[in-house]
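Residues per chain, in single letters:
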Amino acid sequence: MPELPEVETIVRAIRPALVGRRITGFEASWPRQVQPSVDAVRAALLGRRVQAVSRRGKYVVLELGGGAGLLVHLKMSGRLCVAEGHGQERPQHQRAVLRLSGGAPLRFYDARKFGRLRFAPELAAALSGLGPEPLDPALGPARFHAMLSARRRQLKPLLLDQSFLAGLGNIYTDEALFRARLHPRRSSAGLDARQARALLAAIRAVLLQAIACAGTSLDWIYPGGRMQARLRVYGREGEPCPRCRAPLRAQAVGQRTAHFCPRCQPAPRSRA
DNA sequence: CGCCATGTTAGAGG
DNA sequence: TCCTCTAACATGGC
């Protein structure tokens, strides 16, 4: 479910209630979601202090000092909140609880049980497989163009590949490709410098707008966002393109559904 | 009942 | 080596 803007929004929401607290307990009710194991994670966490809460790609990172940390990936339906009770959440969907000194516990809910909690002795090593952060100023247009040119993949699946670029999911890849006027099936190696620059700018613009909107809320899984009203193509097949009025289309690309304007985003001549 | 879903990954095959 | 696709994870909503 959550992509970079939603995870960023969650991190900002829970950070103030976590930083500085000491961990006094950890329980999980669906053990396969916890790595390396519930007991090992509990042993590693007890007594440690949360020094910082950050985000890397779609991971929530609880930094615990000494380079160690707890990584939380929400996958399709995971949610995090700090509260004494369940509030609006369904109690039967709570999968883990992190108890903290002097404050409410951090609760992890996940209807589909795809989410993961992982203790990492070395955060840097655990996160080393991720590509660069799209909003990192160190990622310039020239480097991005070089990254694209080094691969020969369809743009849509490449942008979804977290080892290529960290944080984009199905919604924001479609939105970025539309804004850059690039067809989702175009080959990454075929872009010129100007197109690569436009794509990077489009990715950043849509992510920043989404963060400002607290993310996208399309169903019960992620409430509170306002970006859904500003999506231009995702979930809008059949509606007129906001730019040229041609009917928007939805088509499978790399096993995911891509939404795009067939006129503003002309298809590549052959395949890929 | 069947199909879809904001995510990731292991494995097969080209 | 690189790319693409399938299955799997597990559940809820339509």
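Residues numbered from 1 in each chain as written. Chains lettered and ligands numbered in written order. Predicted model: local features only at pLDDT ≥ 70, side-chain atom pairs only at ≥ 80, totals over all residues. Heavy atoms only, no water.

1. Overview of the packing of helix 1 (residues 4-18) against helix 7 (residues 193-212)
What counts, and what does not: Every axis in this analysis is a line fitted to C-alpha atoms, fitted for helices over the stretch in contact. Angles between the N-to-C directions lie between 0 and 180 degrees. Put simply, DSSP marks the helices as runs of H or I at least four residues long and the strands as runs of E at least two long, and each gets a number from the N terminus on. Less than a right angle of anticlockwise turn of the near helix away from the far helix marks a crossing as left-handed, whereas a clockwise turn marks it as right-handed. Contacts were defined at the residue level, with two residues in contact if any of their heavy atoms lie within 4.5 Å. Three classes are used, and their members are as follows: Ala, Val, Leu, Ile, Met, Phe, Trp, Tyr, Cys and Pro are nonpolar, Asp, Glu, Lys and Arg are charged, and the others, Gly among them, are polar.
The interhelical angle for the contact between helix 1 and helix 7, taken along N-to-C directions, is 40°, at an axis separation of 9 Å. Seen from above, helix 1 lies across helix 7 with right-handed handedness. Mapping the contact onto sequence places Leu 4, Pro 5, Glu 8, Thr 9 and Arg 12 in helix 1 and Leu 207, Ala 210 and Ile 211 in helix 7. Of the residues belonging to the contact of helix 1 with helix 7, the class tally is five nonpolar, one polar and two charged.

2. Describing the side chain of His 259
The cut-off we apply is this: The buried label goes to any residue with under 20% of its type's maximum accessible area, the exposed label to any with over 50%, and the partly exposed label to all in between, with areas taken from a 1.4 Å probe on protein chains only. Any N or O atom pair separated by 3.5 Å or less is treated as a polar contact, with the protein-specific requirement of one donor-capable and one acceptor-capable atom, and with residues adjacent in sequence counted only for side-chain atom pairs.
Within the secondary structure layout, His 259 lies in strand 11 (residues 256-260). Overall, His 259 belongs to the buried group, its relative accessible area being 6%. Of note is the side chain of His 259, whose polar atom sits 2.7 Å from the side chain of Asp 174. In this structure the side chain of His 259 is engaged in a polar contact, spanning 3.5 Å, whose partner is the backbone nitrogen of Gly 235.

3. Side note on the sheet that holds strand 7 (residues 94-100)
The line we're drawing: The rule for pairing is simple: two strands pair if DSSP sees at least two bridges between them.
Read from one edge of the open sheet, four strands run 1-7-8-6, paired in antiparallel fashion. In the strand order of this sheet, the two ends are held by strand 1 (23-28) and strand 6 (78-82), each with one partner. Geometrically, the sheet is characterised by an average inter-axis angle of 15° between neighbouring strands, direction not taken into account. Note that strand 1 and strand 7 share five bridges and pair antiparallel. Counterpart to Ile 23 in the pairing with strand 7 is Leu 100. Strand contacts of helix 1: strand 6, strand 7 and strand 8 (106-110), with the helix running at about 35° to strand 6, the strand carrying the most contacts. Strands in contact with helix 2 (residues 38-45) are strand 1 and strand 7; relative to strand 1, the strand with the most contacts, it is inclined by about 170°.

4. Description of helix 2
This is how the line gets drawn: The directions from the helix axis to the C-beta atoms form the arc being described.
Taken residue by residue, helix 2 has Val 38, Val 41, Ala 44 and Leu 45 as its buried positions. Down the axis of helix 2, the sector holding all buried residues measures 135°, keeping them to one side. Exposed residues pointing more than 90 degrees away from the buried face of helix 2 are listed as Asp 39 and Ala 43. Close packing links the buried residues of helix 2 with strand 1, strand 2 (34-35), strand 4 (59-65), strand 5 (68-73), strand 7 and strand 9 (116-120). Where helix 2 ends, the next residue or the one after it, Gly 47, has phi of about 90°, a positive value.

5. Quick look at the protein's contact with DNA strand C
What counts, and what does not: Consider each residue's heavy atoms; a residue with any of them within 4 Å of a molecule or strand counts as near.
Among the 15 residues in the neighbourhood of DNA strand C, the closest are listed as Arg 112, Lys 113, Arg 151, Arg 152 and Gln 255. Backbone atoms, meaning sugar and phosphate, form 67% of the atoms of DNA strand C found within 4 Å of the protein. Within the side chain of Arg 32, one N or O atom sits 3.2 Å away from a phosphate oxygen of DNA strand C. A breakdown of the residues in the surface near DNA strand C according to their chemical character gives four nonpolar, four polar and seven charged.

6. Quick word on empty space enclosed by the protein
How we decide: Only protein atoms enter the 1 Å grid used here, on which a cavity is any set of points holding a 1.4 Å probe that cannot leave and a pocket is any open set flanked by protein within 12 Å on both sides along at least five of seven lines; residues with an atom within 4 Å of a point are listed as lining. Grid points are joined across faces, edges and corners, and a volume is the space filled by probe spheres set on the points.
Summed over the entire model, instances satisfying the criterion amount to one cavity of 30 Å³ or more. What the largest cavity holds in volume is close to 60 Å³. Around the largest cavity sit Phe 26, Leu 70, Val 72, Leu 80, Ala 96, Val 97, Leu 98, Leu 106, Arg 107, Phe 108 and Leu 117, which together line it. Elements that contribute at least two residues to the lining of the largest cavity include exactly strand 5, strand 7 and strand 8. Among the residues making up the lining of the largest cavity, the classes are represented as ten nonpolar, no polar and one charged.

7. Quick notes on the protein's contact with DNA strand B
As a matter of local geometry, DNA strand B sits amid 18 residues, with Met 1, Lys 58, Gly 169, Arg 256 and Thr 257 nearest to it. For DNA strand B, the backbone portion of the atoms within 4 Å of the protein, that is sugar and phosphate, comes to 57%. A distance of 3.2 Å is found between a phosphate oxygen of DNA strand B and a side-chain nitrogen or oxygen belonging to Tyr 234. Here Thr 257 contributes a side-chain N or O atom positioned 2.9 Å from a phosphate oxygen of DNA strand B. Considering only residue class, the surface near DNA strand B consists of seven nonpolar, five polar and six charged.

8. Brief notes about the domain arrangement of chain A
Threshold: Where each domain begins and ends is defined by an automated method or by a domain database. Buried area: the accessible surface (1.4 Å probe) lost by two parts on joining, summed over both.
Here chain A is described as being made up of domain 1 (4-126) and domain 2 (141-260). Each of domain 1 and domain 2 was reduced to a C-alpha centroid, and the two centroids are 29 Å apart. Between domain 1 and domain 2, the contact holds 14 residues from the first and 16 residues from the second. For the pair domain 1 and domain 2, the summed buried area comes to about 1,200 Å², and 66% of that belongs to carbon and sulfur atoms. Linking domain 1 to domain 2 there are five residue pairs in polar contact (both at pLDDT 80 or more). Residue classes in the side of domain 1 that touches domain 2 are distributed as five nonpolar, three polar and six charged.

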